[in-house]
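# A structural walkthrough
Chain by chain, the residues run as shown.
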Amino acid sequence: MGKLTREDVLKLARLAKLELTDGEVEKFRGEISEILAYVEQLQKVEVDDLEPTYQVTGLKNVTREDEVKDYKTTPKDLLKNVPAAQDNQIKVKRVLA
Amino acid sequence: MSQWGSVSSLVKDVQTRKRTAKELVQQSLKTIKVNEDYKAIIATTEERALKRADEIDRQIAQGEDAGRLAGVPFIAKDNFLAFGADTTAASNILKGFDTPYQATAIERLEAEGAICVAKANLDAFAHGSSTENSDFFATHNPHDKTRVPGGSSGGSAAAVVLDMAPFALGTDTGGSIRLPAAFCGAVGYKPTYGLVSRYGVIAMASSTDVIGPLTRSVEDAALVLDVMAGKDEFDSTTIERGKEGYTDLAGNLKGKKIGLIKEYFDGLDEDVKKVIDAATIKLKKAGAEVVEVSMPSLPLALAVYYIICPAEVSSNLSRYDGQRFGFSAKDVKDIDESYKKSRSQGFGSEAKRRIMIGAYVLSSGYYDAYYKRAQTVRTKLINEFKEAFSNVDFLLGPTAPSTAFKIGQNTDDPLKMYLTDIMTVAVNLVGVPAISVPAGEISGLPVGLQLIAPQKKDRELLEMADKTEELLK
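Since the structure is predicted, the reported quantities are computational estimates derived from the model, not experimental observations.

### Examining unusual backbone geometry
Residue and element names in this part refer to chain B. Following Gly151, the chain continues to Ser152 via a peptide bond in cis, the omega torsion being 5°. Looking at the secondary structure, you find Ser152 in the loop between β3 (115-120) and α5 (154-161). The backbone phi angle of Lys39 is positive, close to 55°, even though this residue is not glycine. For Lys39, the position within the fold is in the loop between α2 (21-34) and β1 (41-44).

In structure tokens:
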């Protein structure tokens with residue numbers, strides 16, 4: 001794996017919904033390449049037939065009853081941090097062009 | 001010498017009306033004010049804290065039970081949702097966030113009479129090892145103002161050592177409680193994964209995040225853990241608390257088998273090694289059996305972590321989109337531009353870096369080579385820990401490869417900064433409990449000793465650490 005190209009970094013930014021300045025693109029290109037080169041060492045590790053681990057305490061499919069509970073939190077509480085709200089709904093900018 | 005004494009002695013003073021909760025809260029607020037220039041604190045919750053203190057004093061005056069932590073002030077890292085001040089995670093994107101609910105950990109402490117007095121500084125979203133990544137300001141080490149306190153719970157560790165409160169809360173995803181505890185000279189406890197509910201704590205890497213206390217003694221850490229531990233219906237990853245609880249530390253070191261982690265001593269700084277060796281000799285004299293243990297995959301842990309962590313970060317930080325809460329960019333024409341501008345202006349460099357690495361290792365074509373491979377090497381690490389614990393009761397090593405470094409020393413080199421966590425990350429990947437206790441000093445800077453136990457052996461680990469702490473005093 002060689003150094004990331006400018007286009008690689010722009011693609012990652014697009015996937016992550018980030019806009020980068022030219023300076024940031026150059027900076028991240030170097031830094032992310034260096035970090036990826038470091039983690040590259042895992043490619044050489046012998047893993048035989050080991051399975052990946054995603055959950056370390058062995059819990060599986062923890063479920064609960066689907067029932068209404070009163071959490072004493074009002075819609076007003078829940079909406080107080082919303083940048084724009086109207087009629088108890090979150091207001092966003094145009095979605096379709 | 002601390003102005004506080006042990007947490008249990010404070011509670012006794014409040015319950016017997018020797019001191020009031022209000023006096024303790026005022027003392028805490030005063031100490032925060034006096035030490036302002038260390039920049040450990042983002043905001044105090046003064047008004048609410050004083051009100052709660054009055055309520056606790058009233059309960060006690062009326063002969064009611066005010067709880068096991070009655071009147072004890074504490075400081076929460078600012079990634080815990082708590083009433084009384086904004087919750088920012090030290091990030092610009094969450095500046096001004098007024099939480100509609102509190103974290104379970106905070107609720108449980110409050111139910112036993114503890115009082116949150118302030119929110120501590122951190123690396124924004126807990127991304128860092130020095131607290132320099134805070135979007136607001138860097139925190140200074142209590143032992144040397146030109147040095148970092150470690151991170152990401154650097155504000156919490158510095159606050160405890162500066163005596164601002166009897167205890168503080170932190171979070172540990174790759175070492176963020178233990179490392180600052182080591183750098184500042186505090187006790188830092190990282191519980192078994194899932195033992196303390198993370199509901200209401202801002203998520204970083206969900207498969208390794210845990211919550212724990214930073215304190216002045218192991219005994220205090222055990223008491224705080226005991227109050228917070230156990231299942232929570234709001235966090236489906238929580239596990240049952242141990243039947244014996246966590247405050248019985250009566251056992252002794254005789255016959256306990258301790259494994260020195262070979263890989264952590266290979267090439268270790270000579271001065272750090274001397275401090276840890278001296279501690280080991282004392283443990284032997286006290287009756288513990290000390291052997292060397294090798295876990296050959298340990299040197300890979302940091303690489304595993306720096307794939308898994310950014311992958312989970314990129315997922316957890318996708319919710320900061322400028323629509324439901326947090327910073328929202330003005331003058332945008334459509335929702336896509338709103339997402340991009342809000343995130344680009346709101347996130348700092350480290351968050352952006354981790355989000356993009358995460359996007360890379362999770363993207364199709366690279367997923368198997370990076371993410372899946374990292375999770376498989378993680379299994380290898382888990383197996384090596386299991387093997388080690390089939391021979392010894394506890395593992396021992398340094399908490400960090402060095403003492404606290406200078407502010408600004410590693411800020412231009414993210415990889416070098418990541419290497420600070422080389423001795424702490426494996427524990428998170430494997431989900432076992434670990435603790436850092438002060439072991440000595442090098443030129444006035446504290447060194448931390450790390451003890452590690454198998455999953456769910458939290459009580460045994462605290463008991464062991466309590467005895468170790470006594471020997472090292």
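Back to the text.
### Observations regarding the nonpolar core
All names here are of chain B. Counting 177 residues, the largest nonpolar core has Ile75, Leu109, Phe385, Leu395 and Ile435 as the members making the most contacts within it. A total of eleven residues in this core trace back to one element, the largest contributor, which is helix α10 (residues 301-316). Dropping the residues within four chain positions of it, Phe385 is found in contact with Met295, Leu298, Leu395, Ala426, Val430, Val432 and Ile452. Grouped together as the second largest cluster of nonpolar side chains are seven residues, Val148, Phe183, Ala400 and Phe405 included.

### Let's talk about the pairing of strand β7 (residues 257-261) of chain B
For a regular strand, side-chain orientation follows a simple rule: the groups alternate between the two sheet faces. All names here are of chain B. Counting buried positions along β7 gives four out of five residues, so the element sits mostly inside the fold. As judged from the five bridges shared by β7 and strand β8 (residues 289-293), these two strands associate in the parallel manner. Bridging from a neighbouring strand, Ile258 pairs with Val290 of β8.

### Quick look at the pattern of salt bridges
For the coordinates displayed, the defined rule picks out 37 salt bridges over all chains. When the shortest N-O distance is used, the salt bridge between Lys341(B) and Glu337(B) registers 3.1 Å. Pair noted here: Lys341(B) and Glu337(B) are both in helix α11 (residues 335-346), with a separation of four residues, about one helical turn. On the basis of relative accessible area, Glu337(B) is assigned to the buried category, the value being 16%. Note that Arg459(B) is salt-bridged to Glu460(B), the shortest N-O span being 4.0 Å. One network of salt bridges, in which partners are shared, links Glu19(A), Lys333(B), Glu337(B) and Lys341(B).

### Notes on the interface of chain A and chain B
Residue-level contacts link 52 residues of chain A with 71 residues of chain B. It is Lys17(A), Leu42(A) and Val56(A) in chain A that bury the most area against chain B; as a group they hold 12% of the surface buried on that side. Notably, a salt bridge pairs Lys17(A) with Asp336(B), separated by 2.7 Å at the nearest N-O pair. The interface formed by chain A and chain B contains 22 residue pairs in polar contact (both at pLDDT 80 or more). Those elements that place two or more of their residues in the side of chain A that touches chain B are α1 (6-15), α2 (22-39) and α3 (75-79) of chain A. Tallying contributions element by element places α2(A) first for the side of chain A that touches chain B, with ten residues. Residue composition of the side of chain A that touches chain B, grouped by class: 31 nonpolar, seven polar and 14 charged.

What counts, and at which threshold
Residues take numbers from 1 onward in each chain, read along the sequence in its written order. To read the labels, note that chains go from A and ligands from 1, taken in the order they are written. Totals for whole chains, interfaces and linings use every residue, but because this is a predicted model, local features are given only for residues with pLDDT of at least 70 and side-chain atom pairs only at 80 or more, for both listing and counting. With hydrogens and water set aside, each side-chain value is computed from the structure's full complement of heavy atoms. Counting from the N terminus, the helices are the DSSP runs of H or I reaching at least four residues and the strands are the DSSP runs of E reaching at least two. Throughout this description, the term nonpolar core refers to a set of buried Ala, Val, Leu, Ile, Met, Phe, Trp, Tyr and Cys residues connected via side-chain atoms within 4.5 Å. The classification of residues rests on relative accessible area computed with a 1.4 Å probe and restricted to protein chains. Under 20% of the type maximum is buried, over 50% is exposed, and intermediate values are partly exposed. Contacts are assigned to residue pairs with any non-hydrogen atoms lying within 4.5 Å of each other. Only when DSSP finds a minimum of two bridges between them are two strands counted as paired. Salt bridges, as used here, are contacts in which a Lys or Arg side-chain nitrogen is within 4 Å of a carboxyl oxygen on Asp or Glu. Joining two parts hides part of their accessible area as seen by a 1.4 Å probe, and the buried area is that hidden amount summed over both. Residues adjacent in sequence count toward polar contacts only when both atoms are side-chain atoms; beyond that, a polar contact is any pair of N or O atoms within 3.5 Å, and within protein one must be able to donate a hydrogen and the other to accept it. Side-chain classes follow a simple rule in which Ala, Val, Leu, Ile, Met, Phe, Trp, Tyr, Cys and Pro form the nonpolar group, Asp, Glu, Lys and Arg form the charged group, and the remainder, Gly included, forms the polar group.

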